[in-house]
Amino acid sequence: MSEADEGGPALFRLVRFWSRRWAGQAATRTGQAGHVQHILVLEAVHTDPGEATVGTVAHQLGLDHSGASRMVKDAVDAGYLARATSEHDRRRAALRLTDSGHALLAGAREWQRHAFADLTASWDEPDRLRFAAYLSRLADEVGA
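*Asks:* Explain the overall build of the protein residue by residue, including any values.
*Replies:* Regarding its fold elements, the protein presents six helices and two strands. Counted from the first residue to the last, the protein has its helices and strands arranged as α-α-α-α-β-β-α-α. Relative to its 144 residues, the protein shows a buried fraction of 28%. When contacts within the protein are restricted to residue pairs at least 6 apart in sequence, those whose partners lie at least 24 apart make up 47%. Put simply, the protein shows about 9600 Å² of open surface, and 54% of that area lies on carbon and sulfur atoms.

*Asks:* Can you tell me about the packing of aromatic side chains, naming the residues and giving the values?
*Replies:* Throughout the structure, instances matching the rule amount to two aromatic pairs. Plain terms: the ring middles of F116 and F131 are 6.1 Å apart, the flat faces sit at 15° to each other, and that makes the pair stacked. Taken together, the residues F116 in helix α5 (residues 99–119) and F131 in helix α6 (residues 125–142) connect sequence positions 15 residues apart. According to the relative accessible area criterion, F116 is partly exposed, its value standing at 23%. By relative accessible area, which is 30% here, F131 ends up partly exposed. By way of ring pairs, the aromatic residues F116, W123 and F131 are connected into one cluster.

*Asks:* Talk me through the side chain of T98; I want residue IDs and the actual numbers.
*Replies:* Positionally, T98 belongs in the loop between β2 (93–97) and α5. By relative accessible area, T98 is classed as buried at 15%. Discounting residues that sit within four places of it in the chain, T98 has contacts with G79, Y80, L81 and A82.

*Asks:* So what's going on with the nonpolar core? Which residues, and what values?
*Replies:* Ranked by internal contacts, the top residues of the largest apolar core, which has 20 residues, are V41, L42, V45, V57, V72, L81 and L97. Looking at this core, the elements that each hand over two or more residues are α2 (36–46), α3 (54–61), α4 (65–77), β2 and α5. For this core, the element with the highest residue contribution is α2, accounting for five residues. When sequence neighbours within four positions are dropped, the list of residues in contact with L81 reads V41, L42, V45, V72, A75, V76, R96, L97 and T98.

*Asks:* I'd like a rundown of the packing of α3 against α4, residues and numbers included.
*Replies:* The interhelical angle for the contact between α3 and α4, taken along N-to-C directions, is 110°, at an axis separation of 8 Å. On the basis of the axis angle, α3 is roughly perpendicular to α4. Between α3 and α4 lies a crossing of right-handed hand. Judged by residue contacts, V54, G55, V57, A58 and L61 of α3 engage H65, A68, S69, M71 and V72 from α4. When grouped by side-chain class, the residues that make up the contact of α3 with α4 number seven nonpolar, three polar and no charged.

What counts and what doesn't
- Just so you know, the residues in each chain are numbered from 1, in the order the chain's sequence is written.
- In keeping with the model being predicted, local features are shown solely for residues with a pLDDT of at least 70 and side-chain atom pairs are shown and tallied solely at 80 or more, while totals for entire chains, interfaces and linings include all residues.
- Heavy atoms throughout the structure, all of them, feed into the side-chain values; hydrogens and water do not.
- Runs of E in the DSSP output that reach at least two residues are strands. Runs of H or I that reach at least four are helices, and both are numbered from the N terminus.
- Exposure classes here rest on a 1.4 Å probe applied to the protein chains alone. A residue is buried below 20% of its type maximum, exposed above 50%, and partly exposed in between.
- Contact criterion: two residues are considered in contact whenever any of their non-hydrogen atoms come within 4.5 Å of each other.
- Where accessible areas are quoted, they stem from the Shrake-Rupley method and a 1.4 Å probe; at the residue level, only the protein chains shown are allowed to cover.
- Only centres within 6.5 Å qualify two rings of Phe, Tyr or Trp (six-membered ring in Trp) as a pair; their planes then separate them into stacked at under 30 degrees, edge-to-face at over 60, and tilted for everything else.
- We call a set of buried residues a nonpolar core when its members are Ala, Val, Leu, Ile, Met, Phe, Trp, Tyr or Cys and they connect through side-chain atoms within 4.5 Å of each other.
- Throughout, an axis means a line fitted to C-alpha atoms (over the contacting stretch in the case of helices), and angles, computed between N-to-C directions, take values from 0 to 180 degrees.
- Convention used here: angles under 35 degrees read as roughly parallel, angles over 145 as roughly antiparallel, angles from 65 to 115 as roughly perpendicular, and any remaining angle as oblique.
- Should the near helix be turned anticlockwise from the far one by less than a right angle, the crossing is termed left-handed; should it be turned clockwise, right-handed.
- Gly is placed with the polar residues, together with every amino acid not listed as nonpolar (Ala, Val, Leu, Ile, Met, Phe, Trp, Tyr, Cys and Pro) or charged (Asp, Glu, Lys and Arg).

Nothing here speaks to function; it is all geometry.
This is the structure:
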C-alpha cells in the first residue's frame with residue numbers, strides 16, 4: 001500500500017492528536033481560557049450563511065438538541081450570541097454573533113492561522129498553499 005493510500009489513517013491520527021490538544025493550546029495562546037466551548041458554538045453559527053438555529057449548532061457539533069441548546073444558552077449568557085425570533089418559523093430562535101462574538105471568533109481564527117503556519121513552517125510555500133487549499137476543499141465538501 002502506498003503512502004497516498006494511507007490518507008484515511010493519517011487524517012484520523014491528526015484528528016486524535018488535535019482533539020486532545022487544541023483547546024488548551026488555543027486558550028493559552030489567545031488568553032481566552034474557558035471560551036473554547038463558546039468558540040465551537042460561534043464557529044457552528046458562522047457556518048450557516050442563512051439563519052442559524054440551535055439545530056444548526058447541534059448538527060455542526062454532532063450533539064443532540066438539548067446539549068446544543070445548553071451550549072447556545074451559555075454563549076448567549078456570555079454575550080457572544082444574540083437570539084431573535086426566526087423569520088422563517090416563529091417557534092425557532094435565530095442566532096447571530098454579537099460584536100463580542102465576532103471579536104472572539106476573529107481571535108480564534110487568528111490562532112488557527114498561526115497554528116497552521118507553525119505546523120507547516122518547514123514546508124515550501126507552494127506545498128503549504130496546496131495543502132491549505134485541499135483542507136478547505138475537504139471542509140467545504142463535508143459541510144464543515
